[in-house]
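Descriptive structure summary
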Amino acid sequence: MAAAAAGRWRRGRLGREARASLAAFLLGASVAALPLALGSPPALLAAPGLRGRLALALHVAAVNGALLLLYPRPLYKIAVRAGFLGFAFGCGLLLSAGRSAWRHFGWYMCSLSLFHYSEYLVTAINNPRSLSLDSFLLNHSFEYNLAALSSWVEFTLEKLLVPEMKQITWLSTVGLLMVIVGDCLRKAAMLTAGSNFNHIVQNEKSDTHTLVTSGVYGWFRHPSYVGWFYWSIGTQVLLCNPICVVGYTLASWRFFRERIEEEEITLIHFFGEEYLEYKKKVPSGLPFIKGVKVEL
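Cut-offs applied
Residues numbered from 1 in each chain as written. Predicted model: local features only at pLDDT ≥ 70, side-chain atom pairs only at ≥ 80, totals over all residues. Heavy atoms only, no water. Helix = DSSP H or I, 4+ residues; strand = E, 2+ residues; numbered from the N terminus. Buried < 20%, exposed > 50% of the residue type's maximum accessible area, 1.4 Å probe, protein only. Contact = heavy atoms within 4.5 Å. Expected span 1.5 Å × (residues − 1). Phe/Tyr/Trp six-rings, centres within 6.5 Å; stacked < 30°, edge-to-face > 60°. Axes fitted to C-alpha atoms, helices over the stretch in contact; angles between N-to-C directions. Parallel < 35°, antiparallel > 145°, perpendicular 65-115°, else oblique. Nonpolar A, V, L, I, M, F, W, Y, C, P; charged D, E, K, R; others polar. UniProt positions renumbered as here; feature names shortened; annotations may be inferred. Salt bridge = Lys/Arg side-chain N within 4 Å of Asp/Glu carboxyl O. Patch = residues over 30% accessible without salt bridge, like charges linked within 9 Å, V, L, I, M, F, W, Y side chains within 5 Å. Areas by Shrake-Rupley, 256 points an atom, 1.4 Å probe, with all protein chains shown as cover. pLDDT = per-residue confidence, 0-100. Core = buried A, V, L, I, M, F, W, Y, C linked by side-chain atoms within 4.5 Å.

1. Side note on the environment of K166
- Looking at the element boundaries, K166 is found in the loop between α6 (142-161) and α7 (169-193).
- Residue K166 is classed as buried on the basis of its relative accessible area, which comes to 1%.
- The contacts of K166, once residues within four sequence positions are left out, are H104, F155, E158, K159, L239, C240 and N241.

See the structure below:
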């Protein structure tokens, strides 16, 4: 009886967390409606002027104030992060509007903010036991943050020095498609794996841990990594960042090679011959990465 009550409490808690994050994300994204309120052109952020900057600052303050009033501290920590990502998404929509020189960067902002928010939301739906503030992946690693900063610096410098490089719409469209397909593949993998999916490689097998081989796991052994790999490269193709395209490809490939080897050692320990048979039949999905070598 007590266990059933605890289960219902956890589901209710999950509902509050998911709903709070979604409401905050949408509230932050409502910044995209500012041009209507101000009677300004859609590309408000391209040349906002004093009026536009003031409107953005007031919007941020109003959203933060609303979140403080609506949610107690534990939920506020979730809501303020989701609200920030929603604000970034809304600003990306504003930059994407019209023929602004920052249009493609707006696509990037939408892609980046939606990726991080959806990581949290899908985890909340899929595996609430592992849900935490880290599920947003905003503090993924120092290297990840440095890579993001490097891409912004490259985009800005090349836009100033060679502005026509950042206006190759067909190339940015290819990058956007890579981003969409990659993120969809990753989220499909998370949803297919259900409670078996975790952002942290697990060293101990839980009672509910099973080997998933259906759906996208029938295509690749590591579809979430495949999706993230092509998503990350796609963000730089979208920005027309030649240096970061090369850098992201090499860094992501090395990271996932090491991550897959580490994870497969654990999976072989968990599932033994069952995983070895699966490994023989299904590729990793990433180029030139075969996974851990097994000596017989």
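Once the structure has been displayed, the description carries forward.
2. A few points about the side chain of H59
- Tracing the sequence through the fold places H59 in helix α3 (residues 49-70).
- In this structure, H59 is in contact with L27, G28, S30, V31, L34 and F87, ignoring residues within four places of it in sequence.

3. Thoughts on helix α5 (residues 103-126)
- Between its terminal C-alpha atoms α5 stretches 34 Å, which fits the 34 Å expected from 24 residues at 1.5 Å a residue.
- With 20 of its 24 residues buried, α5 lies for the most part within the structure.

4. Details of the packing of aromatic side chains
- Taken as a whole, this structure holds 17 aromatic pairs when the rule is applied.
- Taking the centre distance of 5.1 Å and the plane angle of 40 degrees together, the rings of F105 and F155 count as tilted. Here F155 lies in helix α6 and F105 lies in helix α5, a separation of 50 residues in the sequence. For the residue pair F105 and F155, the accessibility class agrees, reading buried in each case.

5. So, the packing of α5 against α7
- Packing of α5 against α7 brings their axes to within 11 Å, and their N-to-C directions diverge by 5 degrees. Considering their axes alone, α5 and α7 lie roughly parallel with respect to each other. Here H104, W107, S111, F115, S118, E119, V122, T123 and N126 of α5 lie close against α7, whose contacting residues are T169, S172, T173, L176, V179, D183, R186, K187, M190 and L191.
- In terms of residue class, the contact of α5 with α7 is made up of seven nonpolar, eight polar and four charged.

6. Regarding the UniProt feature "transmembrane region" (unreviewed entry) in the protein chain
- Those places that UniProt annotates as "transmembrane region" (unreviewed entry) correspond, in this numbering, to residues 55-71, 78-99 and 228-251.
- Helix makes up 94% of residues 55-71 and strand 0%, and the two end C-alpha atoms of the span are 24 Å apart.
- Secondary structure content for residues 228-251 is 88% helix and 0% strand, while the C-alpha to C-alpha distance between its ends is 12 Å.

7. A short note on the pattern of salt bridges
- Enumeration over the complete set of coordinates arrives at seven salt bridges.
- Between R186 and E119 there is a salt bridge; the shortest N-O distance is 2.8 Å. Here the residue R186 occupies a position in helix α7, and E119 occupies one in helix α5, the gap between them amounting to 67 residues. Here the two residues R186 and E119 agree in accessibility, since each one is buried.
- Between E158 and K166 there is a salt bridge, with its nearest N and O atoms 2.6 Å apart.
- Classification of E158 by relative accessible area gives buried; the value is 12%.
- Salt bridges sharing partners connect three or more residues here, namely E119, D183, R186 and K187.

8. Some points on a nonpolar patch on the surface
- A cluster of nonpolar side chains, F142, L146, L149, W152, V153, L157, L160 and L161, forms an exposed patch at the surface whose accessible area comes to about 860 Å².
- As for its position among the elements, L149 is in helix α6.
- Since its relative accessible area comes to 45%, L149 is described here as partly exposed.

9. Describing the packing of helix α9 (residues 242-271) against helix α10 (residues 273-281)
- For the pair α9 and α10, the least separation of the axes is 6 Å and the interaxial angle reads 130 degrees. On the basis of their axis angle, the class for α9 and α10 is oblique. In this structure, α9 uses E264, L267, I268 and F271 to contact α10, whose residues at the interface are E273, E274, Y275, L276 and K279.
- Residue classes in the contact of α9 with α10 are distributed as five nonpolar, no polar and four charged.

10. Notes on the confidence of the model for the protein chain
- On average, the protein chain scores 89 in pLDDT, and the residues at 70 or more come to 90%.
- The spread of mean pLDDT over the elements of the protein chain runs between helix α1 (residues 2-29), the lowest at 70, and helix α8 (residues 223-238), the highest at 98.
- Note that residues 1-13 has pLDDT below 50 and, in this model, one contact with residues that lie over four places away or in other chains.

11. Quick word on the environment of G182
- Here G182 is to be found in helix α7.
- For the pair G182 and K290, spaced 108 residues apart in sequence, the C-alpha separation works out to 20 Å.
- Setting aside its immediate chain neighbours within four residues, G182 contacts G227, W228 and W231.

12. Digging into the nonpolar core
- Counting residues in hydrophobic clusters, the biggest one holds 49 residues, and the most contacted among them are V31, F105, Y217, W228, W231 and L286.
- Going through the elements one at a time, α3, α4 (73-96), α5, α6, α7, α8, α9 and α10 are the ones with two or more residues in this core.
- It is α8 that provides the largest number of residues to this core, a total of eight residues.

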